[in-house]
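Chains, contacts and geometry: an overview
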Amino acid sequence: MAKLLEGKFIADQIKEKLKTSVQSLRQVPVLASILIGDDPGASAYVRTQAKIATSLGIKYVLHKFDASISEDGLIDFILKLNADTAVNGILVQLPLPASINYMNVCGFIQPDKDVEGMHPTNIGKVLFGRARIAACTANAVMELLNSTGVDLYGKEVVIVGHSEIVGKPLAMLLLEKFATVTICHIATSEAGKLQGHVERAEILIVAVGSPNLIKGEWIKEGAIVVDVGINRLNEKIVGDVEFNAAQRRASYITPVPGGVGPVTVAVLMRNLVEAALAQQQ
Ligand code: NDP
């Protein structure tokens, strides 16, 4: 039976260290968060972020906009936040209206204020293994893997999902540790090859957004399973992996909720504090 990889424990350790770092800053660090529209998931996530930021001594400033805001309007606002020396970090909440392209917008956030690590400069630094700020969820997965004590060197790691915010940056962070990384996506499934890749994974990371996509019986005995997916199914929040069956085969598995999510928020706050520290030098 797999051990549970509880995110709360790791998140608490990160947050505890952050409290000391925040105290060493000359000014209260400020995180500007931009929320567009009224997506209930994003609104709930913002409330969680605000609560955690405040508990760490970070000032969380929420800027809400109607879904009718244009991409140019949003970019103008970001440029104002870039110019505001009191603002240390800028965060654009997802999802965005269809009229706004996330990657376009991220390209206008000043790289040293880009706490989600989505500016092309910061993504490029991940590629060169020189990232000070890397994508929050990808980093959170690395924290969870580290907590198991696993040596990634030469391990067969399979990532399902190749999005810019999770799968792609995560693959780079894992390569940096000399893992052997396979990235699966929709075409892998369509070619009927997903099961085969999952079955040989010593470490499996799934970030798709499709409940029970990964069958428990596909999990290799003793594998480490990190389920990033968040789905609402029959009034419950579930991941992308058939949890009960997978838990019987894996050595470690993240619960959903309570696995990757809390660590992602803690890493976001760490990115903000890193940004503030760099800006005050
Ligand atoms: P995206 O929709 O951007 O990416 C999903 C990925 O899954 C794409 O690469 C897509 O491939 C791939 N995919 C879709 N269907 C299949 C399939 N049948 N088989 C294999 N691959 C498939 O989502 P995100 O990366 O933003 O998020 C993924 C999940 O993680 C969501 O549930 C989200 O809520 C959750 N999430 C959780 C976070 C946390 O902190 N816990 C943070 C961020 C996300 P293609 O593009 O080729 O179609």
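An account of the accompanying structure is given in this report.

Parameters at a glance
- Residues numbered from 1 in each chain as written.
- Predicted model: local features only at pLDDT ≥ 70, side-chain atom pairs only at ≥ 80, totals over all residues.
- Heavy atoms only, no water.
- Pairing = 2+ DSSP bridges.
- Helix = DSSP H or I, 4+ residues; strand = E, 2+ residues; numbered from the N terminus.
- Buried < 20%, exposed > 50% of the residue type's maximum accessible area, 1.4 Å probe, protein only.
- Contact = heavy atoms within 4.5 Å.
- Expected span 1.5 Å × (residues − 1).
- Arc of directions from axis to C-beta.
- Core = buried A, V, L, I, M, F, W, Y, C linked by side-chain atoms within 4.5 Å.
- Domains from an automatic or database assignment.
- Axes fitted to C-alpha atoms, helices over the stretch in contact; angles between N-to-C directions.
- Parallel < 35°, antiparallel > 145°, perpendicular 65-115°, else oblique.
- Left-handed = near helix turned anticlockwise from the far one by under 90°.
- Polar contact = N/O pair within 3.5 Å; in protein donor to acceptor, adjacent residues only side chain to side chain.
- Phe/Tyr/Trp six-rings, centres within 6.5 Å; stacked < 30°, edge-to-face > 60°.
- Near = heavy atom within 4 Å.
- Areas by Shrake-Rupley, 256 points an atom, 1.4 Å probe, with all protein chains shown as cover.
- Nonpolar A, V, L, I, M, F, W, Y, C, P; charged D, E, K, R; others polar.

**Quick notes on the pairing of strand β6 (residues 180-184)**
Both strand β5 (residues 156-160) and β6 contribute to a ladder of five bridges, which runs parallel. Pairing of E156 across the sheet is with T180, part of β6.

**So, helix α7 (residues 167-176)**
For an α-helix the count is 3.6 residues per turn, leaving residues at separations of three or four pointing the same way. Turning to α7, its buried residues number three or more, namely G167, P169, L170, A171, L173 and L174. The elements touched by buried residues of α7 are α5 (120-127), α6 (136-148), β5, β6 and β7 (203-206). Positioned one or two residues after α7, F178 has a phi angle of 65°, which is positive.

**A word on helix α3 (residues 71-83)**
Taking 1.5 Å as the rise per residue, α3 with 13 residues should run 18 Å; its terminal C-alpha atoms sit 19 Å apart, in good agreement. Here α3 has its buried residues at E71, L74, I75, F77, I78, L81 and N82. Buried residues of α3 fall within an arc of 160° about the axis and therefore sit on the same side. Along α3, exposed side chains directed more than 90 degrees from the buried face belong to D72, K80 and A83. Buried residues along α3 sit in contact with β2 (30-36), β3 (59-65), β4 (89-92) and α4 (102-106).

**Notes on the nonpolar core**
In terms of nonpolar packing, the biggest core is built from 75 residues, with I34, I58, L145, L174, I205, V226 and M269 touching the most fellow members. No fewer than three residues from each of domain 1 (26-110) and domain 2 (136-261) sit in this core. Not counting residues up to four positions away in its chain, the partners in contact with I58 are V22, P29, L31, A53, M269, L272 and V273. Counting residues in hydrophobic clusters, the runner-up holds 18 residues, among them C184, L194, A223 and A246.

**Some remarks on the packing of α6 against helix α11 (residues 260-280)**
Orientation of α6 relative to α11, taken along the N-to-C sense of each, is 115°, at an axis distance of 8 Å. Between α6 and α11, the angle is such that the two are roughly perpendicular. The crossing of α6 and α11 is right-handed. Here C136, T137, N139, A140, V141, E143 and L144 of α6 lie close against α11, whose contacting residues are V260, V263, T264, V267, L268, R270 and N271.

**A short note on the side chain of T148**
Within the element layout of this structure, T148 appears in helix α6. Judged by its relative accessible area of 14%, T148 is buried. Only 2.6 Å separates the side chain of T148 from the backbone oxygen of L145, close enough to count as a polar contact. Within polar-contact distance, the side chain of T148 engages the backbone nitrogen of V150 at 3.2 Å. Sequence-distant contacts of T148, that is, excluding residues within four places in its chain, are made with L5, I224 and Y252.

**Side note on the packing of aromatic side chains**
Applying the stated criterion to the full structure yields two aromatic pairs. Relative to F178, the ring of Y153 has its centre 5.5 Å away and its plane inclined at 35°; by these criteria the two rings are tilted. Separated by 25 residues along the polypeptide, Y153 in the loop between α6 and β5 and F178 in the loop between α7 and β6 bring together distant segments of the chain. Here Y153 falls in the exposed class, since its relative accessible area comes to 59%.

**As for the environment of S55**
Within the element layout of this structure, S55 appears in helix α2 (residues 40-55). Residue classification places S55 among the partly exposed residues on the basis of a relative accessible area of 48%. In sequence terms S55 and K15 are 40 residues apart; their C-alpha atoms lie 9.3 Å from each other.

**Remarks on the environment of E156**
Take E156: it is sitting in strand β5. When its relative accessible area of 28% is taken as the criterion, E156 is described as partly exposed. Expressed as a C-alpha distance, the spacing of E156 and F178, which sit 22 residues apart in the sequence, is 10 Å. If near-sequence neighbours (up to four positions away) are discounted, E156 is found in contact with T180, R200, A201, E202 and I203. A polar contact is formed between the side chain of E156 and the side chain of R200, at a distance of 2.9 Å.

**With respect to the site of the ligand**
Residues in close proximity to the ligand total 20 residues, the closest being H162, S163, I186, S189 and T264. Within the backbone of I186, a nitrogen or oxygen atom sits 3.5 Å from a nitrogen atom of the ligand. T264 places a side-chain nitrogen or oxygen 2.9 Å from an oxygen atom of the ligand. In the complex, 69% of the free accessible area of the ligand, which totals 930 Å², lies under the protein chains. Elements that contribute at least two residues to the shell around the ligand include exactly α8 (186-190) and α11. Counting residues per element, the shell around the ligand draws most heavily on α11, which supplies three residues. Considering only residue class, the shell around the ligand consists of ten nonpolar, ten polar and no charged.

Shape is all these values report; function is a separate question.
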